[in-house]
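# Notes for the structure review
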Amino acid sequence: MTFKPTDYSLMNCADGRIFEDSGWTLADPESKTPSLVRAVYKKKEFEIRHDLDGFYKFANWLPVKRTLANSCAPVTYKSKGLAGYLGLENLYITFSGYNPEIGAFMQTCSFKETEAYSVCARLPENEDRILVVASAGNTARAFAKVCSDNGIRLLLSIPEDNIGALWFSRPLNDCVKIIAAPHGSDYYDAIALSDKVCLSEKFIAEGGAKNIARRDGMGTTVLSAVETIGRIPDSYFQAIGSGTGTIAVWENNLRLIEDGRFGTHKMKLYPSQNAPFTIMYDSWKADSRELLPLSPEEAREQASIIEAKVLSNRKPPYSLAGGVFDALKDAGGDMFKIDNAEIDFWKARFFETEGIDIYSAASVAVASLEKAVKGGTVKRDEVIMLNITGGGENLARSHGKIVCATPDLVLDPSLPAEVIISKVEELF
């Protein structure tokens, strides 16, 4: 079957201007203020594509030009174990990870696969430039897996301290290369390194939260929930590092309201962070659109403390139009902060009640749900969506041999751009 690219336009979230995508548009060139752009799909009704496999069953609301091999969709099910433990009547868990018992087969065990399968499918098949992705770990593993499986040239930029996150079930295809910021660096250093590489016309920046494909890929989590539940949930829980996933489900909530068949309400958003790295939590509690000051030194220290390392983005898409602040103001909800001890406790409880291991970030979301229930923020009969953004790694590792990747180059991000580019270009 020949796949027909999804038909969509773009909207500037700041002023509502509708314009056409030039192919890899990350921002409105005419915008007078910092703003995300949002995909406006020609297909207004939410429909599952039964003619497409895996993740691409949601293709009508994905800005993709093609489909790629070996994708899997998030799986939503009604909880009995955790729901009973918390005394909830309508708790639905959307699980992105590896748990064959419920039909979840994401080999990287993370919902970052939803980003990678969407972003890479937005690239045309004849794209000559090399895709560049900066990551603290899970995103890198997902993009590496997708690009390796599908022969797409990729340059990953990660902090060297996070290299342990790059484990796979088989060796990576040679089309994937890895550069790392040296020991003691953080996610922002990896971003700085990738930004310098992308000054070369031979490379194309993935774009992070600004990429509609990344957000709409992550937004398939709520589409999975609505497919199972038959309606828009009342409340949504997720741990956040950048907050892109929360923006994504809010955007798909708005599309579902426009459809009208699944409810006309906005689900309240309850994102959470791992203390002490709580820049968005602190800013939200101060009712500040602007992020509160956080120095690089403070950020690195806080990032070194938290257990959920992937939640340590010090420059998230919080303030700009269409970002986290706007999502929470529009939909309602609140933010929570969770410490390391709570993460460990709820990891154990989730395994006991649901029978599968989860990542630290996912445990942050579980802990925040318990706080909301205990504090009366959510009612026990509400339809609640708990986004478990990663799990099943212990199970996946037990099912076969694991191969760990190593950096092709370790580069100081303070080096001149021309030096970095010269060294990286030699990899390809």
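In this report, we go over the structure that sits alongside the text.

The rules we used
Residues numbered from 1 in each chain as written. Predicted model: local features only at pLDDT ≥ 70, side-chain atom pairs only at ≥ 80, totals over all residues. Heavy atoms only, no water. Pairing = 2+ DSSP bridges. Helix = DSSP H or I, 4+ residues; strand = E, 2+ residues; numbered from the N terminus. Axes fitted to C-alpha atoms, helices over the stretch in contact; angles between N-to-C directions. Core = buried A, V, L, I, M, F, W, Y, C linked by side-chain atoms within 4.5 Å. Buried < 20%, exposed > 50% of the residue type's maximum accessible area, 1.4 Å probe, protein only. Contact = heavy atoms within 4.5 Å. Parallel < 35°, antiparallel > 145°, perpendicular 65-115°, else oblique. Left-handed = near helix turned anticlockwise from the far one by under 90°. Nonpolar A, V, L, I, M, F, W, Y, C, P; charged D, E, K, R; others polar.

In this section: the sheet that holds strand 16 (residues 383–388). Strand order in this open sheet of six strands is 4-5-16-13-14-15, and the pairing throughout is mixed. Every interior strand has two partners, whereas the edge strands, strand 4 (75–78) and strand 15 (336–338), have only one. Across the sheet, the mean angle separating the axes of adjacent strands is 20° when strand polarity is ignored. Bridge analysis of strand 13 (residues 235–239) against strand 16 gives three bridges, and the strand direction is parallel. Opposite Ser-235, over in strand 16, you have Ile-384 as the bridge partner.

The subject of this paragraph is the nonpolar core. By size, the foremost hydrophobic cluster in this structure holds 84 residues, and its most contacted members are Phe-46, Leu-131, Phe-143 and Leu-156. Ranked by residue count, the leading element in this core is helix 3 (residues 138–150), at six residues. What Phe-46 contacts, discounting residues up to four positions off in sequence, is Phe-58, Trp-61, Leu-223, Val-226, Glu-227, Leu-256, Asp-259, Arg-261 and Phe-262. Core analysis: the second largest hydrophobic core is formed by 35 residues, Tyr-270, Leu-311, Ile-343 and Val-366 among them.

Spatially, five strands are ordered 12-8-9-11-18 in an open sheet, and the strand pairing comes out parallel. The open sheet terminates on both sides in strands that have one partner only, identified here as strand 12 (203–205) and strand 18 (409–410). Note that strand 8 (residues 130–134) and strand 12 share three bridges and pair parallel. For Leu-131, the partnering residue across the bridge sits in strand 12 and is Ile-204. Here helix 3 sits on the sheet in contact with strand 8, strand 9 (154–159) and strand 11 (176–181), set at roughly 165° to strand 9.

Now for the packing of helix 2 (residues 112–122) against helix 3. The interhelical angle for the contact between helix 2 and helix 3, taken along N-to-C directions, is 45°, at an axis separation of 8 Å. With respect to their mutual orientation, helix 2 and helix 3 come out oblique. For helix 2 against helix 3, the interelement crossing comes out right-handed. Contact residues: Lys-112, Glu-113, Glu-115, Ala-116, Tyr-117, Val-119 and Cys-120 in helix 2; Asn-138, Thr-139, Ala-142, Phe-143, Lys-145, Val-146, Cys-147, Asp-149 and Asn-150 in helix 3. Residue composition of the contact of helix 2 with helix 3, by class: eight nonpolar, three polar and five charged.

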